[in-house]
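Overview (structure and organization)
What follows is the residue order along each chain.
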Amino acid sequence: NQPDKKYTFNGAITLVDGQKGYKSSYRTGLWLGFLGEDMVATIKLGDQIAVSSVRVNHFINTRGGLIFAKSLKIEVSDDGKTFREVGFKTQPILNEHIKPQIFAVKETFDTVKANYIRVTLEAIEGLPAWHEKAGAKAYIMVDEIVVE
């Protein structure tokens, strides 16, 4: 999926360029923002390599509508067309505002060999009832996907 136009910056390469976003701001060009829709990234690993974890950094700023994704799903493939799920993790559900901060979300799974890996962050349906903009679309802000 494509990021929101306000937070596209250098596009998809931003997720795998090795540069982590800053805690001081999500407007630096190092974070991509997905508004009200899932973040789906398919990464070509090149030769078949062994992988056993994926880490994704989230920038959370509840007052700005930047909230955790509902879940993190990891899938692998040999051909880039047929994927199988190897990891799934639900995300925290916030019940109040928290200070802006970066959270590293990591999912570890049994080692598999793959040529491709797909990472999906599932968007929440809308900002929660306790939020002053309840029901509005929420952002998923991501800076880097680390595959190990």
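Per-chain numbering applies: the sequence of each chain, read as written, is numbered from 1 onward. Two thresholds apply to this predicted model, a pLDDT of at least 70 for residue-level local features and 80 or more for giving and counting side-chain atom pairs, whereas whole-chain, interface and lining totals are computed over all residues. Excluding hydrogens and water, the side-chain values take into account all heavy atoms of the structure.

Quick word on empty space enclosed by the protein
Note on definitions: the grid is 1 Å and covers protein atoms alone; a cavity is a set of points where a 1.4 Å probe fits but cannot get out; a pocket is an open set with protein on both sides within 12 Å along at least five of seven lines; lining residues have an atom within 4 Å of a point. Grid points are joined across faces, edges and corners, and a volume is the space filled by probe spheres set on the points. In the structure shown here, the tally under the stated rule is one cavity of 30 Å³ or more. Its boundaries defined by the atoms lining it, the largest cavity holds a volume of some 40 Å³. The wall of the largest cavity is formed by Gly 36, Ile 67, Phe 68, Ala 123, Ile 124, Ala 138, Tyr 139 and Ile 140. Following the grouping adopted for this structure description, the nonpolar residues are Ala, Val, Leu, Ile, Met, Phe, Trp, Tyr, Cys and Pro, the charged ones are Asp, Glu, Lys and Arg, and the polar ones are all others, Gly among them. Considered class by class, the residues forming the lining of the largest cavity number seven nonpolar, one polar and no charged.

Some remarks on the pairing of strand E4 (residues 84-90)
Alignment of strand E3 (residues 71-77) against E4, held across six bridges, turns out to be antiparallel. Paired with Leu 72 across the two strands is Lys 89, which belongs to E4. Connecting E3 to the next strand, E4, in antiparallel fashion are six residues, including Gly 80 with a positive phi near 80°. We treat two strands as partners when DSSP finds at least two bridges between them. Numbering of helices and strands starts at the N terminus; helices are DSSP runs of H or I of at least 4 residues and strands are runs of E of at least 2.

Quick word on the sheet that holds E4
In space, the six strands of this open sheet follow the order E1-E6-E2-E5-E3-E4, with antiparallel pairing throughout. Looking at strand neighbours, the two that pair on one side only are strand E1 (32-35) and E4, the edges of this open sheet. If you compare each strand with its neighbour and ignore which way they point, the axes differ by 25° on average. For helices, the axis comes from a line fit to the C-alpha atoms of the stretch in contact; other axes are also lines fit to C-alpha atoms, and the angle between any two N-to-C directions lies between 0 and 180 degrees.

Some words on the side chain of Thr 120
Here Thr 120 is to be found in strand E5 (residues 101-122). A relative accessible area of 11% means that Thr 120 is categorised as buried. Two residues form a contact once any of their heavy atoms are found within 4.5 Å. Those residues in contact with Thr 120 that lie beyond four places of it in its chain are Asp 38, Met 39, Val 40, Ser 71, Leu 72, Lys 73 and Glu 75. Burial classes follow relative accessibility: with a 1.4 Å probe on protein chains only, a residue under 20% of its type's maximum area counts as buried, one over 50% as exposed, and anything between as partly exposed.

With respect to the packing of aromatic side chains
Centres within 6.5 Å make a pair out of two Phe, Tyr or Trp rings, where for Trp the six-membered ring is used; the pair is then stacked when the planes are under 30 degrees apart, edge-to-face when over 60, and tilted otherwise. For the structure on display, the rule yields three aromatic pairs. Centre to centre, the rings of Trp 31 and Phe 59 are 5.4 Å apart; their planes meet at 75°, and the pair counts as edge-to-face. Of the two residues, Trp 31 is situated in the segment before E1 and Phe 59 in strand E2 (residues 39-60); the sequence distance between them amounts to 28 residues. Note on accessibility: Trp 31 and Phe 59 belong to one class, buried. Counting as a charge over the ring demands two things of the Lys NZ or Arg CZ atom: a distance within 6 Å of the ring centre and an angle within 35 degrees of the ring normal. In this arrangement the basic side chain of Arg 118 is found over the ring face of Phe 83, its NZ or CZ atom lying 3.9 Å from the centre.

A look at the nonpolar core
Core analysis: the largest hydrophobic core is formed by 25 residues, its most contacted members being Met 39, Val 54, Val 56, Ile 74, Val 119, Leu 121 and Ile 145. When contributions to this core are tallied by element, the ones reaching two or more residues are E1, E2, E3, E5 and strand E6 (139-147). The dominant element in this core, judged by the number of residues it contributes, is E5, at seven residues. Not counting the four nearest positions on each side in its chain, Ile 145 is found in contact with Leu 15, Val 16, Met 39, Ala 41, Ile 43, Val 54, Arg 55, Val 56 and Val 119. In this description, a nonpolar core means a group of buried Ala, Val, Leu, Ile, Met, Phe, Trp, Tyr and Cys residues linked to one another through side-chain atoms lying within 4.5 Å. In this structure, Tyr 7, Trp 31, Phe 59 and Leu 66 belong to the second largest nonpolar core, which totals seven residues.

Read these as geometric descriptors, not functional statements.
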